[in-house]
Amino acid sequence: PTVVSSATMELVSQWFGLDVNETRRRFRANLEISKWDVFHEESLLAGDGNAVSFSIGNVEMEGLAPCPRCSVPARDSYTGESEAGFTENFIAHREETLPEWMDRSYFKHLNCLSVRTRVCHVDGNARLAIGDELHVGEVRTDIEIPKPYGHFQERLDEAVRLTEDSIHGGHF
């Protein structure tokens with residue numbers, strides 16, 4: 001599942017003049033944490049080969065990696081029309097607002113929003129519920145982090161790199 005804070009969703013909505021529910025439909029995070037500050041979900045990142053353990057209720061999870069975005073967030077969720085310049089503007093906003101405490105090396109590119117996680121242990125018939133306590137644990141090192149997108153992920157990374165190059169070269 002992917003995790004994001006409500007404050008992050010609200011900030012991204014402001015960047016593009018969108019209703020927060022439209023932003024939610026476009027970015028499609030699985031879990032939204034209301035008590036966290038903007039980009040606090042990124043405190044669940046610890047770099048390649050590392051994971052941050054956390055639990056929600058009695059479900060144990062690990063924060064693995066930033067979630068790279070595809071072309072869907074640039075599209076209106078009702079019409080499917082693509083907003084010109086959305087990805088480039090998103091990356092520029094991320095560069096401006098990357099928290100000082102965040103290690104930039106955790107990101108291959110900044111066209112990312114939310115954190116990819118995995119469920120490690122479920123105690124009994126656990127279910128996540130609004131109001132469940134969230135506890136952040138320790139950093140685990142030398143773990144195997146799955147690469148869910150294979151060849152598609154490599155192509156997405158290359159497309160974003162080209163987009164970032166054009167931003168830095170002043171071409172957008």
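Calculation rules
Residues numbered from 1 in each chain as written. Predicted model: local features only at pLDDT ≥ 70, side-chain atom pairs only at ≥ 80, totals over all residues. Heavy atoms only, no water. Helix = DSSP H or I, 4+ residues; strand = E, 2+ residues; numbered from the N terminus. Buried < 20%, exposed > 50% of the residue type's maximum accessible area, 1.4 Å probe, protein only. Contact = heavy atoms within 4.5 Å. Areas by Shrake-Rupley, 256 points an atom, 1.4 Å probe, with all protein chains shown as cover. Polar contact = N/O pair within 3.5 Å; in protein donor to acceptor, adjacent residues only side chain to side chain. Phe/Tyr/Trp six-rings, centres within 6.5 Å; stacked < 30°, edge-to-face > 60°. Lys NZ or Arg CZ within 6 Å of the ring centre and 35° of its normal. Pairing = 2+ DSSP bridges. Axes fitted to C-alpha atoms, helices over the stretch in contact; angles between N-to-C directions. pLDDT = per-residue confidence, 0-100.

**Let's talk about the overall build of the protein chain**
Part 1 of the reasoning: Along its length, the protein chain carries four helices and six strands.
Part 2 of the reasoning: Each helix and strand of the protein chain, placed in order from N terminus to C terminus, yields the pattern β-α-α-β-β-β-α-β-β-α.
Part 3 of the reasoning: When each of the 172 residues of the protein chain is scored for burial, the buried share is 42%.
Part 4 of the reasoning: Look at the contacts in the protein chain between residues 6 or more apart in sequence, and 79% of them connect residues 24 or more apart.
Part 5 of the reasoning: About 9600 Å² of surface is accessible on the protein chain, with carbon and sulfur atoms providing 48% of the total.

**A closer look at the side chain of Ser5**
Part 1 of the reasoning: Inspection of the secondary structure puts Ser5 in strand 1 (residues 2–5).
Part 2 of the reasoning: Note on Ser5: relative accessible area 0%, which makes it buried.
Part 3 of the reasoning: In terms of polar contacts, Ser5 uses its side chain to reach the side chain of Thr8, at 2.7 Å.

**Thoughts on the packing of aromatic side chains**
Part 1 of the reasoning: Tallied over the entire structure, the rule returns six aromatic pairs.
Part 2 of the reasoning: Centroid distance Trp15 to Phe39: 6.4 Å. Interplanar angle 40°. Geometry classified as tilted. Of this pair, Trp15 sits in helix 1 (residues 6–16) while Phe39 sits in the loop between strand 2 (31–33) and strand 3 (50–56), and the two are 24 residues apart along the sequence. No difference in accessibility class separates Trp15 from Phe39, as the two residues are buried.
Part 3 of the reasoning: The ring of Phe39 has Arg94 lying over it, and the distance from NZ or CZ to the ring centre is 4.2 Å.

**Looking at helix 1**
Part 1 of the reasoning: With nine of eleven residues buried, helix 1 lies mostly within the body of the structure.
Part 2 of the reasoning: Buried-residue contacts for helix 1 involve strand 1, helix 2 (20–27), strand 2, helix 3 (86–97) and strand 5 (112–122).
Part 3 of the reasoning: Just beyond helix 1, the residue with positive phi is Gly17, at close to 65°.

**So, the sheet that holds strand 4 (residues 59–68)**
Part 1 of the reasoning: With respect to topology, six strands assemble into an open sheet ordered 2-1-5-4-3-6, the strand pairing being mixed. Edge positions in the sheet fall to strand 2 and strand 6 (134–141), since each of these pairs with one other strand and no more. Strand after strand, the sheet turns through a mean of 35° between neighbouring axes, direction not considered.
Part 2 of the reasoning: Alignment of strand 3 against strand 6, held across six bridges, turns out to be antiparallel. In the sheet register, Val52 faces strand 6, and the bridge partner there is Val139.

**Comments concerning the confidence of the model for the protein chain**
Part 1 of the reasoning: Averaged over every residue, the pLDDT of the protein chain is 86; the share at 70 or more is 84%.
Part 2 of the reasoning: No element of the protein chain has a lower mean pLDDT than helix 4 (residues 150–168), which averages 53, and none a higher one than helix 1, which averages 98.
Part 3 of the reasoning: Predicted confidence for residues 166–172 stays below pLDDT 50, and this span has eight contacts to residues more than four positions away or in other chains.

**Comments concerning the environment of His135**
Part 1 of the reasoning: Of note, His135 is situated in strand 6.
Part 2 of the reasoning: Taking relative accessible area as the criterion, His135 reaches 46% and is therefore assigned partly exposed.
Part 3 of the reasoning: Once the C-alpha coordinates of His135 and Ile56 are considered, the two residues, 79 residues apart in sequence, prove to be 6.6 Å apart.
Part 4 of the reasoning: Ignoring anything within four residues of it in the chain, the contact list for His135 reads Phe54 and Ser55.

**Some points on the pairing of strand 3**
Part 1 of the reasoning: The element strand 3 is extensively covered by neighbouring structure, given that six of its seven residues are classed as buried.
Part 2 of the reasoning: Two elements, strand 3 and strand 4, share five bridges in a ladder whose sense is antiparallel. From the neighbouring strand, Ser55 faces strand 4, where its bridge partner is Glu60.

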